[in-house]
Amino acid sequence: MALIVQKYGGTSVGSAERIKNVAKRVAQARAEGHDVVVVVSAMSGETNRLVALAHEMQDIPDPRELDVVLATGEQVTIGLLAMALKNIGVPAKSYTGWQVAVQTDNAHTKARIENIDGGKIKSDLGEGRVVIVAGFQGVTPDGEISTLGRGGSDTSAVALAAALGADECQIYTDVDGVYTTDPRVVPEARRLDTITFEEMLELASLGSKVLQIRSVEFAGKYKVRLRVLSSLQEGGNGTLITFEEDDNMERAAVTGIAFDKNQARINVQGVPDKPGVAYQILGAVADANIEVDMIVQNVGTEGTTDFSFTVPRVEYRQAMELLAKLQDSIGATSISGDDTVCKVSAVGMGMRSHVGVASKIFRTLAEEGINIEMISTSEIKVSVLIDEKYMELATRVLHKAFDLG
Ligand code: ADP
Ligand code: ASP
Ligand code: MG
């Protein structure tokens with residue numbers, strides 16, 4: 001007998017029929033003798049619908065009130081799933097985030113989980129119930145409802161698995177595992193039986209939305225056994241995230257390709273080439289809580305230099321307005337930008353032992369006439385910033401170039 005946390009995403013609970021299907025799967029795991037804790041998302045499309053409604057009330061919705069609204073999506077599905085389970089004779093009880101309690105910090109709409117009280121859940125399990133917890137939500141130190149950022153139910157599930165010491169956390173979704181790239185974009189993409197934690201962390205942070213990045217971070221920190229599976233298909237082992245250090249020299253250079261459209265590039269031209277200028281520009285952006293990703297500073301000529309960096313597209317306008325105000329004090333001749341760019345990345349532990357990965361990427365993109373605007377690399381990834389109109393093409397040709405199909 002094991003303790004299993006199962007998480008079902010929006011598509012998996014997208015209709016009454018699908019919720020009944022989830023109930024059957026949960027009942028089956030319980031019939032096999034396992035204790036089961038279930039985390040659910042809102043029905044697919046519901047969170048988007050709630051966000052849109054909020055924007056009809058305010059251009060920038062009040063974050064506290066937005067969380068009050070967004071948390072309702074998951075409250076509906078936990079109750080419905082509990083009913084579906086009771087209907088087939090399985091004792092079950094649902095809890096919202098604050099009822100558990102899933103304690104978070106105060107950062108409304110992007111709160112971080114700080115602690116989970118497993119007491120109620122454990123006593124329910126002890127009494128033979130299936131426990132259903134609302135994903136994506138928690139409670140702040142002041143007792144306010146918080147949410148964890150889009151895709152946050154993955155993180156709720158892994159954090160619960162860590163807090164309860166679960167034997168496995170199973171993320172059920174609409175694909176049957178982690179693929180070499182998004183199978184919606186590249187139909188030839190291949191499911192991976194296993195993927196290392198480091199690679200999964202990179203893919204998630206570089207835009208592959210199959211797992212929210214924080215869920216992967218939690219899994220790494222607390223060594224949670226994490227598996228991605230399909231809720232729509234029977235059987236299959238999905239993809240297991242592994243932690244073993246393996247030094248398989250035979251492994252392919254690239255394991256997966258990720259892409260991310262939530263990108264914008266900003267160029268600050270003609271700034272004086274002197275100590276402190278990077279800090280003046282990027283410090284101001286950081287103080288506004290805007291995350292800077294890729295950064296390039298050119299070697300200056302005639303005492304001036306150009307500076308380029310990327311920010312999340314949703315914060316592009318705010319960053320441009322802020323820099324426009326600073327232009328005189330920075331001494332820049334001009335500030336320009338582009339919010340129709342995207343980032344495409346190749347990830348693989350094999351890069352450590354293969355040379356020429358970056359040049360193969362550059363050659364492959366050049367052959368398609370795709371211009372590279374910025375590049376960033378780490379030990380196990382190469383990212384390029386390109387025009388967003390080439391995003392799918394670049395993903396497809398890189399997938400093919402590295403024989404991932
Ligand atoms: P859920 O609602 O279950 O949380 P998501 O839509 O958040 O599901 O995540 C699953 C989706 O992630 C898939 O439908 C797929 O289009 C996308 N995806 C992106 N990259 C990958 C990848 N490398 N492997 C599998 N799925 C991926
Ligand atoms: N319902 C939330 C969202 O759509 C959380 C989740 O699905 O993980 O982002
Ligand atoms: Mg998701």
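Residues numbered from 1 in each chain as written. Chains lettered and ligands numbered in written order. Predicted model: local features only at pLDDT ≥ 70, side-chain atom pairs only at ≥ 80, totals over all residues. Heavy atoms only, no water.

Peer 1: Hey, could you go over the overall build of the chain for me, with residue numbers and the actual values?
Peer 2: Per the secondary structure count, the chain includes 12 helices and 18 strands. Computed over C-alpha atoms, the radius of gyration of the chain comes to 23 Å, within 12% of the 22 Å expected from 2.2 N^0.38 for 405 residues, which places it in the range of a compact globule. Reported as C-alpha extents along the three principal axes, the dimensions of the chain are approximately 80 × 50 × 35 Å. The buried share of the chain, taken over its 405 residues, is 51%. Long-range contacts, defined here as pairs at least 24 residues apart, represent 74% of the contacts in the chain between residues at least 6 apart. (Helix = DSSP H or I, 4+ residues; strand = E, 2+ residues; numbered from the N terminus. Rg over C-alpha atoms; globule rule 2.2 N^0.38 Å. Buried < 20%, exposed > 50% of the residue type's maximum accessible area, 1.4 Å probe, protein only. Contact = heavy atoms within 4.5 Å.)

Peer 1: Tell me about the sheet that holds strand β6 (residues 130-134), and please be specific about residues and values.
Peer 2: Strand pairing in a sheet takes place through backbone hydrogen bonds and is either antiparallel or parallel in direction. The strand order β3-β6-β2-β1-β9-β11-β12-β10 describes an open sheet built from 8 strands, whose pairing is mixed. The outermost strands of the open sheet, each flanked by one partner alone, are β3 (92-95) and β10 (194-196). Averaged over all adjacent pairs, the angle separating strand axes in this sheet is 20 degrees, with direction ignored. In this sheet, β6 lies alongside strand β2 (residues 35-40) in parallel orientation, the contact comprising 4 bridges. Counted as the bridge partner of Val 37 is Val 131 from β6. (Pairing = 2+ DSSP bridges. Axes fitted to C-alpha atoms, helices over the stretch in contact; angles between N-to-C directions.)

Peer 1: Pulling in residues and values, what's your account of the site of ligand 2?
Peer 2: Taken together, Ser 41, Ala 42, Thr 47, Glu 74, Phe 136, Arg 150, Gly 151, Gly 152 and Ser 153 form the complete shell of residues around ligand 2. Here an oxygen atom of ligand 2 sits 2.9 Å away from a polar atom, N or O, in the main chain of Gly 151. Looking at side-chain class alone, the shell around ligand 2 contains 2 nonpolar, 5 polar and 2 charged residues. (Near = heavy atom within 4 Å. Polar contact = N/O pair within 3.5 Å; in protein donor to acceptor, adjacent residues only side chain to side chain. Nonpolar A, V, L, I, M, F, W, Y, C, P; charged D, E, K, R; others polar.)

Peer 1: How would you summarise the sheet that holds strand β18 (residues 381-387) if you had to cite specific residues and measurements?
Peer 2: Sheet architecture is open: 6 strands sit in the order β14-β15-β13-β16-β18-β17, paired in antiparallel fashion. With one partner strand each, in any of the chains shown, β14 (295-297) and β17 (374-378) form the two edges of the open sheet. In this sheet, adjacent strand axes meet at a mean angle of 25 degrees when their direction is disregarded. The pairing of strand β13 (residues 256-272) with strand β16 (residues 334-347) spans 11 bridges and is antiparallel. Residue pairing across strands places Val 268 opposite Ile 335, the latter belonging to β16.

Peer 1: Before we move on, could you go through the layout of surface pockets and cite the residues and values that matter?
Peer 2: Space inside the second largest pocket adds up to approximately 430 Å³. Forming the walls of the second largest pocket are 21 residues, and the residues nearest its centre are Arg 25, Gln 170, Tyr 172, Leu 229 and Gly 236. For the lining of the second largest pocket, the secondary structure elements donating two or more residues are β1 (3-8), α1 (16-31), β9 (168-173) and β11 (226-230). Its residues assigned to classes, the lining of the second largest pocket comprises 4 nonpolar, 10 polar and 7 charged. (1 Å grid on protein atoms, 1.4 Å probe; cavity = no way out; pocket = protein on both sides within 12 Å on 5 of 7 lines; lining within 4 Å. Points joined across faces, edges and corners; volume = space filled by probe spheres on them.)

Peer 1: So what about the site of ligand 1? Which residues, and what values?
Peer 2: Contacts to ligand 1 come from 16 residues, most closely from Thr 173, Asp 174, Tyr 179, Asp 182 and Arg 184. Between ligand 1 and Thr 173 there is a distance of 2.7 Å, counted from an oxygen atom to a side-chain nitrogen or oxygen. For ligand 1, an oxygen atom lies 2.7 Å from a polar atom in the side chain of Asp 182. Considered on its own, ligand 1 offers 570 Å² of accessible surface; in the complex 89% of this is hidden by protein. Across the shell around ligand 1, the residue classes break down as 5 nonpolar, 6 polar and 5 charged. (Areas by Shrake-Rupley, 256 points an atom, 1.4 Å probe, with all protein chains shown as cover.)

Peer 1: Go over the nonpolar core with me, naming the residues and quoting the values.
Peer 2: Ranked by internal contacts, the top residues of the largest apolar core, which has 42 residues, are Val 37, Ile 121 and Cys 169. Residue contributions to this core peak at 6 residues, all from helix α6 (residues 153-164). Excluding its chain neighbours within four sequence positions, the residues that come into contact with Cys 169 are Val 5, Ala 157, Val 158, Ala 161, Val 224, Arg 225, Leu 226 and Arg 227. (Core = buried A, V, L, I, M, F, W, Y, C linked by side-chain atoms within 4.5 Å.)

Peer 1: Outline the pattern of salt bridges, listing residues and values.
Peer 2: Enumeration according to the criterion identifies 19 salt bridges in this entry. Across the pair Arg 64 and Glu 144 runs a salt bridge, and its minimum N-O distance is 2.7 Å. Separated by 80 residues along the polypeptide, Arg 64 in helix α3 (residues 63-87) and Glu 144 in the loop between β7 (137-139) and β8 (145-147) bring together distant segments of the chain. In this structure Arg 64 comes out as partly exposed when scored by relative accessible area, which is 33%. When salt bridges that share partners are traced, they join Arg 64, Glu 65 and Glu 144 into one network. (Salt bridge = Lys/Arg side-chain N within 4 Å of Asp/Glu carboxyl O.)

Peer 1: Could you give me a rundown of α6, with the residues and numbers involved?
Peer 2: With 12 residues, α6 extends 16 Å from end C-alpha to end C-alpha; this agrees with the ideal 16 Å at 1.5 Å per step. The element α6 is extensively covered by neighbouring structure, given that 10 of its 12 residues are classed as buried. Taken residue by residue, α6 has Ser 153, Asp 154, Thr 155, Ser 156, Ala 157, Val 158, Ala 159, Leu 160, Ala 161 and Leu 164 as its buried positions. Directly after α6, the chain includes Gly 165, whose backbone phi takes a positive value near 65 degrees. (Expected span 1.5 Å × (residues − 1).)

Peer 1: Let's hear about unusual backbone geometry: which residues, and what values?
Peer 2: The residue after Val 100, namely Ala 101, is reached through a cis peptide bond having omega 0 degrees. Examined against the element boundaries, Ala 101 turns out to sit in the loop between α4 (97-100) and β4 (102-104). Residue Asp 403 is not a glycine yet carries a positive backbone phi of 55 degrees. With respect to the helices, strands and loops of the structure, Asp 403 is situated in the segment after α12 (391-401).

Peer 1: An account of the packing of aromatic side chains is needed here, citing residue identities and associated values.
Peer 2: Across all of its chains, the model carries 4 aromatic pairs by this definition. Geometrically, the ring pair formed by Tyr 8 and Tyr 172 is stacked, given 4.8 Å between the ring centres and 10 degrees between the ring planes. Taken together, the positions of Tyr 8 in strand β1 and Tyr 172 in strand β9 put the pair 164 residues apart, joining distant regions of the chain. Using a relative accessible area of 10% as the deciding quantity, one classes Tyr 172 as buried. Their ring planes at 20 degrees and their centres at 5.8 Å tell us that Phe 218 and Tyr 222 sit as a pair that is stacked. Of this pair, Phe 218 and Tyr 222 are both found in helix α8 (residues 213-222), 4 residues apart, which corresponds to roughly one turn of the helix. Using a relative accessible area of 17% as the deciding quantity, one classes Phe 218 as buried. Judged by relative accessible area, which is 44%, Tyr 222 ranks as partly exposed. A cation sits over an aromatic face here: Lys 360 above Phe 402, 4.8 Å from the ring centre. (Phe/Tyr/Trp six-rings, centres within 6.5 Å; stacked < 30°, edge-to-face > 60°. Lys NZ or Arg CZ within 6 Å of the ring centre and 35° of its normal.)

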